[in-house]
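What follows is the residue order along each chain.
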Amino acid sequence: MDPPAAKRSRGGPSGPEERDARAGAARGRGRPEALLDLSAKRVAESWAFEQVEERLSRVPEPVQKRIVFWSFPRSEREICMYSSLGYQPLEGEHDARVPFTRGLHLLQSGAVDRVLQVGFHLSGNVREPGGPGEPERLYHISISFDRCKITSVSCGCDNRDLFYCAHVVALSLYRIRHARQVELRLPISETLSQMNRDQLQKFVQYLISAHHTEVLPTAQRLADEILLLGSEINLVHGAPDPTAGAGIEDANCWHLDEEQIQEQVKQLLSNGGYYGASQQLRSMFSKVREMLRMQDSNGARMLILMTEQFLQDPRLALWRQQGAGMTDKCRQLWDELGALWVCVVLSPHCKPEERAGWLQLLCKWDKLEVCPLEEGNYAFDGPSLQPTVAPSSGPSPESAPGGGSWPYPPPEPAHRAALGPCPPGPEVEAAGSRHTVFSRALQAGELHWNDAHLQRILASDTYGPSLKGNVGGDKLTFDSQGRPLWLGEPFPTACARVDTLRAHGYPRQALRLAGAMVNTLRLQRRHQLESYKQQKKELLQKGSTCITNTEGWVGHPLDPIGCLCRALLEACRLEEETLSLYPDEGSEKRKVAYQHVPVPGSPGESYFAMALEVALLGLGQQRALPEGLYAQDKVVRNEEQLLALLEEVELDERLVQVLRKQAGLLLEGGPFSGFGEVLFRESVPMHTCARYLFTALLPHDPDLAYRLALRAMRLPVLESTFPAGEPHPNPLESIMSNRFPRWFILGHLETRQCELASAMLMAAKGDPKWLHAVLGSVQQNIHSPALLFKLAQDACKTAAPASVPPDTTLLGIALELGLQVMRMTLNTMTWRRREMVRWLVTCATEIGPQALMNIMQNWYSLFTPVEAATIVAVTGTTHATLLRLQLDGPQREELWACTRTLALQCAMKDPQNCALPALTLCEKNQAAFEAAYQIVLDAAAGGLGHAHLFTVARYMEHRGLPLRAYKLATLALAQLSIAFNQDSHPAVNDVLWACSLSHSLGRHELSAIVPLIIRSVHCAPMLSDILRRWTLSAPGLGPLGARRAAKPLGADRAPLCQLLEAAVAAYITTSHSRLTHISPRHYGDFIEFLGKARETFLLAPDGHLQFSQFLENLKQTYKGKKKLMLLVRERFG
């Protein structure tokens, strides 16, 4: 880097005489600080040194030195802020990623030396050890500073990063920690003013000699200009001095490398698909907040630079052209960017010209076509609440609890009308309105902080009616207990004020405003309950209500509930003394501890309890699900973030009381609460919030915990339109008809509903009353078979742990849920159905034999015939199952009888798939086996396929029933047809097996099957193969056991002569068929086919003559195929 440019010009010496004083003399313990140092500190913080020189004609050297001494930054926190991002580095990469820590290590290892401060310029060397086999590296660092801020840095390492390098950190920390060891000199111009002509000439010549290669051309140019009388340099009084500090007009801000910020953001956005890039961008946003908290003007500068790079992201134009939405990670970054701009624009201490400049930029960005829009139907210009009674003619927008304003309904008839029927769905912004992520910041630009009531809220912890004077006008300013209220604007906007105050370093004021808003929330709830009680009967009769808050506070772009909770919890946070000053140094995240901090003017109140109350009020608010996938996902994410904040809190007795009170109010909240008795059809479900409340309340008030969780099980958007208590003709059909396409997160919500039900079932183990209550709620409200099955599995595991007696009630509930799943999926058939059936049998086995037999006896409504015969019956009678049931002889026979009955019923219902399983299950009972066999015979007449008949026939042979096998084989052959060209027909092996079976039985059976073979098989090679097999050996035993033949049958005699004729005819027919469309590449195959045909022809007495006539016929008929006929002559003559 080039050395920093001169800030301003210096004139002549400050005085002819100077005093020698010890700058920074040590003070004894307990002695007050010198007045000179106290004054110099104040001047060094706020006055440019040029202003000091203009104010005083002569500044003594000791005073100059003290001002220069105190002008360097005194806080290491600021050095840390400019040398580290806010993220936690990975283990092993701590030093490599955090410049502050590296600089601290360099300082502690003694790497800093030759430190010199000349005026407002600090220089020094840092020696950094090299890597293995590398030499030590020496870096020269230069730092310019002014008014306790570093204004420019230069280091020989050529650092190309957002913030200061480790070497700048090391030198800065050395100056802060060892300030009195640093050699201090006045600005160089003061030293030069003490030299005479000869000394000045010697000084210049020595300087040029020491650095002649670098400065000689510049020195000669300056000398030429000075010698020229009319030159510009001679018209200016004095000369530049880089060590003399900043001028009056110079900006007073910390050094920030704007080019590097732009480059870094651009690079990170180009890698937006990676988690690390998003994390670093969030860390940069955190750095902006840190700067705002320190009231550092660079916070807004850095945010402007980042915003410009965000808008130049090429993906924005691409997404717009393609009509596609941006990724979730990118959308979250844009949301944070918009929220930060709200904090910047709403700054309570910025100058009007600064705010005007920001708003001008925001207006320009807002008009860009690529500027992302805010997703979700959230109001922007919600009416401000006024505590006036609405006119009796009808409900006014101001009195209705929607539009984003404070829903503070007075208990008047006008408001009660607003709770009645309303059009389905939340209000949507007018068509054509365009709200970008910067629209809220632009809206914040219209807000101000000069409201007298607001200022007094922020100024005092004890502000009450006695202090208000004439403020508030017609606006309600205090509640009945004299606590301040803040009603003048929409709730999210008021919460944005709290966030802004915290962001800009006003935590106490943020806490006061948050307290006033909690008072207002309580007043609002009180009026809501009064209003609901007056028309509760009417609403309960209707059973439904319109949504009372079209704009939900959880998931809102401004995160109002989160802002309030964080502000209140921050006041209660216990900071351990051992906590590091710098977040980068802690490698482990410590658990946050909180304490009760009393609220001034409210005896018995604590900010800790307030935070819990606000969180539950926001989470329990009945609100419509917003439009858009990302907006809905944000609702879920924001809810989980708030609950994670609450889960960090350890509940004591005071908090449990708050929890119980708020839970009761949520149950009684009517249409204003998501736990109320009536729900809007498309309101956000309360499952996740209810699970937290259930877990937290269970040890203290089980009855309240269960009532709250059971009320929260509802998912109105999936509820059937059938009247309660009537059976649904098709549960899945009714559910699917009610699914709204815009509910993108419906699957996630159903999963959370299942998790709530699972938590209740696990907790209710051993309590039949609540177990049955939970079962009823589950059966009524959960409509997903997959989730019901998971719930049933979890209940079964909990009910029957290893080596512990099972909970029979919970097991019964698990079985009941499983039966419901079976009924729901019977006609839809999911890929997990087989797993579900096996599990159900296992669960029934855990309960006992009666449960197992019950599902077998009622299988029609639960299983398909195949499932019942192949899974239920088989699994229910395995050796392991029987051992588990520990049945005696009669009980075991009863189970087997039930199984055989099931098998026969399944075989009658679906003989094609269940006949063989039924026969297998009935093997040990002759009557049942005969019944199953008869079912197969009856089914064969009714169209049972040949493949299934062959399968059963083979089974019969395996069982030692060859005649029954033969009977079934003949029935199968009667249905079979194999064409001339189906050499690879699936039934070829079955036919050959049937022929082998008939041959083994004897001549009579063989003679009976020959006509079936001739009628069913038209494939010549297959017929010849059967013929050849039958001529190899004599037929086997006949039905009476006597030998029918002692030697093999002849092919020219009955019954095989008919088969021979059929085979010859098949060869002739097949040959003509093949020659009709034969191509030269198939000539060789055809010649081989004729060779096999000749073998079959020769089995007949006149076979040689028949084959010769056949060939002559071919030669005459196909004489045009000369090449083929030539091959025939060559092979067969």
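Residues numbered from 1 in each chain as written. Predicted model: local features only at pLDDT ≥ 70, side-chain atom pairs only at ≥ 80, totals over all residues. Heavy atoms only, no water.

Quick word on the overall build of the protein chain
Rule in force here: Secondary structure elements are taken from DSSP: a helix is a run of H or I of four residues or more, a strand is a run of E of two residues or more, and numbering for both begins at the N terminus. Partly exposed describes any residue whose relative accessible area lies between the buried limit of under 20% and the exposed limit of over 50%, with all areas from a 1.4 Å probe on protein chains only and scaled to the type maximum. Here a residue-residue contact requires only that any non-hydrogen atoms of the pair lie within 4.5 Å. To be clear on the numbers: accessible area is Shrake-Rupley with a 1.4 Å probe, and residue cover counts the displayed protein chains and nothing else.
When helices and strands are counted, the protein chain shows 51 helices and 11 strands. Taking all 1133 residues of the protein chain together, the buried fraction comes to 51%. For the protein chain, the share of sequence-separated contacts (at least 6 apart) that also reach a separation of at least 24 residues comes to 72%. In the form shown here, the protein chain has an accessible surface area of approximately 53,500 Å², with 53% of it arising from carbon and sulfur atoms.

Section: the nonpolar core
Put simply, the test is: By nonpolar core we mean a set of buried residues, namely Ala, Val, Leu, Ile, Met, Phe, Trp, Tyr and Cys, connected to one another through side-chain atoms within 4.5 Å.
The biggest cluster of nonpolar side chains holds 310 residues, and the ones touching the most others in it are Trp341 and Ile1013. In terms of residue count, the dominant contributor to this core is helix H26 (residues 607-619) (11 residues). Residues contacting Ile1013, with those up to four places away along its chain left out, are Leu973, Val991, Cys995, Leu1023, Ile1026, Trp1030 and Leu1059. Within the second largest apolar cluster, 11 residues are counted, among which are Val635, Val684, Ile745 and Leu746.

Some thoughts on the side chain of Gln793
Its place among the elements puts Gln793 in helix H34 (residues 785-799). Gln793 sits in the buried class, given a relative accessible area of 19%. Contacts of Gln793, omitting those with residues within four sequence positions, involve Arg832, Glu835 and Trp839.

Here's the deal with the confidence of the model for the protein chain
Put simply, the test is: A residue's pLDDT is the confidence the predictor assigns to it, expressed on a 0 to 100 scale.
This prediction gives the protein chain a mean pLDDT of 81; 84% of its residues lie at or above 70. Ignoring residues within four places in sequence, the model shows residues 467-474, a span with pLDDT below 50, making 15 contacts including any to other chains. Confidence over residues 577-588 falls short of pLDDT 50; this stretch has 22 contacts with residues more than four positions distant or in other chains.

Quick word on the pairing of strand S5 (residues 149-155)
Selection rule: Note on pairing: DSSP must find at least two bridges between two strands before they are called paired.
Of all the 7 residues making up S5, 6 are buried; the element is thus mostly covered by neighbouring parts of the structure. The pairing of strand S4 (residues 137-146) with S5 spans 6 bridges and is antiparallel. Counterpart to Ser144 in the pairing with S5 is Ser152. The loop that links S4 with its antiparallel partner S5 comprises 2 residues; one of these, Arg147, has a positive phi angle of about 50°.

Considering a nonpolar patch on the surface
Basically, it comes down to this: Residues enter patches when their relative accessible area tops 30% and they take part in no salt bridge; the joining distance is 9 Å for like charges and 5 Å for the nonpolar side chains Val, Leu, Ile, Met, Phe, Trp and Tyr. Put simply, a salt bridge is a Lys or Arg side-chain nitrogen that is within 4 Å of an Asp or Glu carboxyl oxygen.
On the surface, Ile188, Phe203, Val204 and Leu207 cluster together into a nonpolar patch covering about 300 Å² of accessible area. Checked against the element boundaries, Phe203 lands in helix H9 (residues 197-210). Exposure remark for Phe203: the relative accessible area of 31% places this residue in the partly exposed category.

Some words on unusual backbone geometry
Its identity is not glycine, yet Gln295 carries a phi of approximately 55°, on the positive side. With respect to the helices and strands, the residue Gln295 is situated in the loop between helix H13 (275-293) and helix H14 (298-311).

What to know about the packing of helix H48 (residues 1056-1076) against helix H49 (residues 1083-1097)
The criterion, for reference: Here an angle of 0 to 180 degrees is reported between the N-to-C directions of two axes, which are lines fitted to C-alpha atoms, with helices fitted over the stretch in contact. Relative orientations are named as follows: roughly parallel for angles under 35 degrees, roughly antiparallel for angles over 145 degrees, roughly perpendicular for angles from 65 to 115 degrees, and oblique for any other angle. It is the rotation of the near helix from the far one that decides the hand of a crossing: anticlockwise by less than a right angle makes it left-handed, clockwise makes it right-handed. The residue classification treats Ala, Val, Leu, Ile, Met, Phe, Trp, Tyr, Cys and Pro as nonpolar and Asp, Glu, Lys and Arg as charged. All others, Gly included, are polar.
Across the interface, H48 lies against H49 with an axial gap of 10 Å and an inter-helix angle of 160°. On the basis of the axis angle, H48 is roughly antiparallel to H49. Here H48 runs over H49; the crossing is left-handed. Contact with H48, carried on its side by Leu1060, Ala1063, Val1064, Tyr1067, Ile1068, Thr1070, Ser1071, Arg1074 and Leu1075, involves Asp1085, Phe1086, Phe1089, Leu1090, Lys1092, Ala1093, Thr1096 and Phe1097 of H49 and no other residues of that element. When the residues that make up the contact of H48 with H49 are grouped by side-chain class, the tally is 11 nonpolar, 3 polar and 3 charged.

Remarks on helix H32 (residues 746-763)
Convention followed: Helices are assigned an expected span. That span is 1.5 Å times one less than the residue count.
In this model, H32 (18 residues) spans 26 Å end to end at C-alpha, consistent with the 26 Å of a helix rising 1.5 Å per residue. Residues of H32 that are buried: Leu746, Leu749, Glu750, Gln753, Cys754, Leu756, Ala757, Ser758, Ala759, Met760 and Leu761. Here the buried face of H32 lies against helix H29 (687-697), helix H30 (702-712), helix H33 (768-781), H34 and helix H35 (808-825).

Some details on the environment of Phe608
Structurally, the position occupied by Phe608 is in helix H26. Residue class for Phe608 comes out buried when judged on its relative accessible area of 5%. Setting aside residues up to four positions removed in sequence, Phe608 forms contacts with Leu569, Cys572, Tyr594, Gln595, His596, Val649 and Leu655.

A word on the pairing of strand S3 (residues 121-128)
Burial runs high along S3: 7 of the 8 residues are buried. The sheet contact formed by strand S2 (residues 112-118) and S3 spans 5 bridges and is antiparallel. Along S3, the bridge assignment pairs Val118 with His121. Counted between consecutive antiparallel strands, the loop separating S2 from S3 contains 2 residues, among which Gly119 sits at a positive phi close to 60°. Across 8 bridges, S3 lies against S4 in antiparallel orientation. From the neighbouring strand, His121 faces S4, where its bridge partner is Ser144.

A look at the pattern of salt bridges
Considering all chains together, one arrives at 42 salt bridges under this definition. Between Arg1029 and Asp1025 there is a salt bridge, with its nearest N and O atoms 3.4 Å apart. With Arg1029 and Asp1025 both in helix H47 (residues 1020-1030) and 4 residues apart, the pair spans about one turn of that helix. Where salt bridges share partners, they join Asp479, Arg483, Arg522, Glu605 and Glu613 into one cluster.

Describing the packing of aromatic side chains
Under the convention used in this document: Aromatic pairing here means that ring centres of Phe, Tyr or Trp (its six-membered ring) are within 6.5 Å. Orientation follows from the plane angle: under 30 degrees is stacked, over 60 is edge-to-face, and everything else is tilted. Only Lys NZ and Arg CZ are tested; either one counts as a charge over a ring when it is within 6 Å of the ring centre and within 35 degrees of the ring normal.
For the coordinates displayed, the defined rule picks out 20 aromatic pairs. One aromatic cluster in this structure is built from Phe285, Phe310, Trp334, Trp341, Trp365 and Phe438. Directly above the aromatic system of Phe929 lies the positively charged group of Arg959, at a separation of 5.3 Å from the ring centroid. Of note, Arg1074 hangs over the ring of Phe1089, and the distance from its end group to the ring centre comes to 4.9 Å.

What about the sheet that holds S4?
Read across the open sheet, the 5 strands follow the order S5-S4-S3-S2-S6; overall the sheet is mixed. In this open sheet, the two strands that pair with only one neighbour each are S5 and strand S6 (183-185). Across the sheet, the mean angle from the axis of one strand to that of its neighbour is 20°, orientation sign disregarded. Across the sheet, helix H3 (residues 61-70) is in contact with S2, S4 and S6; its angle to S6 comes to roughly 125°.

Description of H47
Considered for burial, the residues of H47 that qualify are Ala1020, Met1022, Leu1023, Ser1024, Ile1026, Leu1027 and Trp1030. In this structure, the buried residues of H47 make contact with helix H45 (988-1001), helix H46 (1003-1016), H48 and H49.

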